[in-house]
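Chain by chain, the residues:
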Amino acid sequence: MSSTAVAPPACLRRPLVVPRRFMFGPGPSNVPPRILEAGANPILGHMHPEIFEIMSDIKSGIQYLFQTKNSMTLALTGTGHTAMECAIFNAVEAGESVLTAVNGIWGERAADMAERIGARVNTIVAPPGGCFSLEEIEKALSKHRPVLFFLTHGESSTGVLHPLDGIGDLCHKYNCLFLVDSVASMGGAPLCMDKQGIDILYTGSQKVLNAPPGTAPISFSDRACQKIFNRKTKPVSFFLDLSWLANYWGCDGKPSRSCSLYKLITFQMLGLENSWERHRKVAEYFHDGLENMGLKLFVTEKSARLPTVTTIVAPPGYDWKEITAYIMKTYNLEISGGLGPSVGLVLRVGLMGCNSSKANVDMVLTALKNALKHCHKSRV
């Protein structure tokens, strides 16, 4: 008679079968074979010299991707939310002022995180699909005098690509750190951390980088490190404490490296400029195709359209859920509805990294055209 009270589940005796799908939503994106193969390499010990070499290579890759010379550059084990928390938890102490730009869901979540650690949070708000002028940002900086200003570069919930030039200089004028979320834009749109005066920048692995979810590259400027390492209190998270992470990644100049985990990012790039240009051209081709079908783009200003995630005004008279379900069932292809302030207003299509091609655009346009023919349309 077995001494175990819970029997082994029969489902675990069956081989795992994962369907192949076209991942054309706002993320995750499809992972190329080269990257899948890299994940099948043997496991090494966390203190083996080869691990330190791999980590050093990853750091160099992130510095190139971010266009930064910051020594404090590393990859977190976790999603983009992990990086958002790491940035806020380390840079902000209870009672300090934080300013967040809210033109979609990610600004809302950054404000929520800062409030949870006792910061005095103020926001500037733009309607979904909108951006902020330098004048609006400076007015808020002057009024609230924050220690940190948060802005999303690629707002995937609304499809907005926000301009960055000049904002870093404004933040530094008011002795404020500039924090940028580039999860949906990194690698797909021009961004240069050092030149644009960004103090903390992070992204995620599952979008343009075409790696599995669960890794979040992040970098801190010397200005950011100066504030962080002169805190009066410890950060609220041990796991995300930058002093520990700095030692873990060998960023602090100390000989000891107490490593615990690592996640290797392997991404194919023929050069950042080529990637930016390809995403721009494919997005324009897609947008032209949508407009030729009679569909409307949610972001009216062309220069403010995110090239990696396109937001389409939900076709009047249709149930967006029926459209996405039809496309998934018929074409094995994922697109999604809105998120946060754009729920019910848009369809979202992500063409990122290896998925950014005119052939994939044609596939999505065909799927949308047939969905509009076959899905029920009510009288508007």
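Residues numbered from 1 in each chain as written. Predicted model: local features only at pLDDT ≥ 70, side-chain atom pairs only at ≥ 80, totals over all residues. Heavy atoms only, no water.

1. Thoughts on the UniProt feature "binding site: substrate" (unreviewed entry) in the protein
Here is step 1: Here the UniProt feature "binding site: substrate" (unreviewed entry) sits at Arg348.
Here is step 2: Looking at where Arg348 falls in the secondary structure, it is placed in strand β14 (residues 346–350).
Here is step 3: Since its relative accessible area comes to 6%, Arg348 is described here as buried. (UniProt positions renumbered as here; feature names shortened; annotations may be inferred. Helix = DSSP H or I, 4+ residues; strand = E, 2+ residues; numbered from the N terminus. Buried < 20%, exposed > 50% of the residue type's maximum accessible area, 1.4 Å probe, protein only.)

2. Side note on the UniProt feature "modified residue: N6-(pyridoxal phosphate)lysine" (unreviewed entry) in the protein
Here is step 1: Mapped onto this numbering, the UniProt entry annotates "modified residue: N6-(pyridoxal phosphate)lysine" (unreviewed entry) at Lys207.
Here is step 2: Mapped onto the fold, Lys207 is located in the loop between β9 (200–202) and β10 (215–220).
Here is step 3: Lys207 gets classed as buried once you look at its relative accessible area, which sits at 9%.
Here is step 4: Residue contacts for Lys207: discarding those within four places in its chain leaves Pro26, Gly27, Ser29, Val183, Ala184 and Met352. (Contact = heavy atoms within 4.5 Å.)

3. Points about the sheet that holds β9
Here is step 1: Across the sheet, which stays open at both edges, the seven strands sit in the order β2-β10-β9-β8-β5-β3-β4 with mixed pairing between neighbours. Sheet topology places β2 (72–77) and β4 (120–125) at the edges, where each strand pairs with a single neighbour. Put simply, the sheet's adjacent strands are angled 20° from each other on average, direction ignored.
Here is step 2: Direction of pairing for β2 relative to β10: antiparallel, over a ladder of six bridges. (Pairing = 2+ DSSP bridges. Axes fitted to C-alpha atoms, helices over the stretch in contact; angles between N-to-C directions.)

4. Here's the deal with the pattern of salt bridges
A side chain of one charge can pair with a side chain of the opposite charge when the charged atoms of the two come close.
Here is step 1: Under the definition given, this model contains eight salt bridges.
Here is step 2: Of the charged contacts, one joins Lys227 and Glu96 as a salt bridge, the two residues approaching to 3.1 Å between their closest N and O atoms. Placement of the pair is Lys227 in helix α7 (residues 222–228) and Glu96 in the loop between α3 (80–91) and β3 (97–102), with a sequence separation of 131 residues.
Here is step 3: Among the ionic pairs, Asp199 bridges to Arg223, the shortest N-O distance being 3.2 Å. Separated by 24 residues along the polypeptide, Asp199 in the loop between β8 (177–181) and β9 and Arg223 in helix α7 bring together distant segments of the chain.
Here is step 4: Judged by relative accessible area, Arg223 falls into the partly exposed class, the value being 43%. (Salt bridge = Lys/Arg side-chain N within 4 Å of Asp/Glu carboxyl O.)

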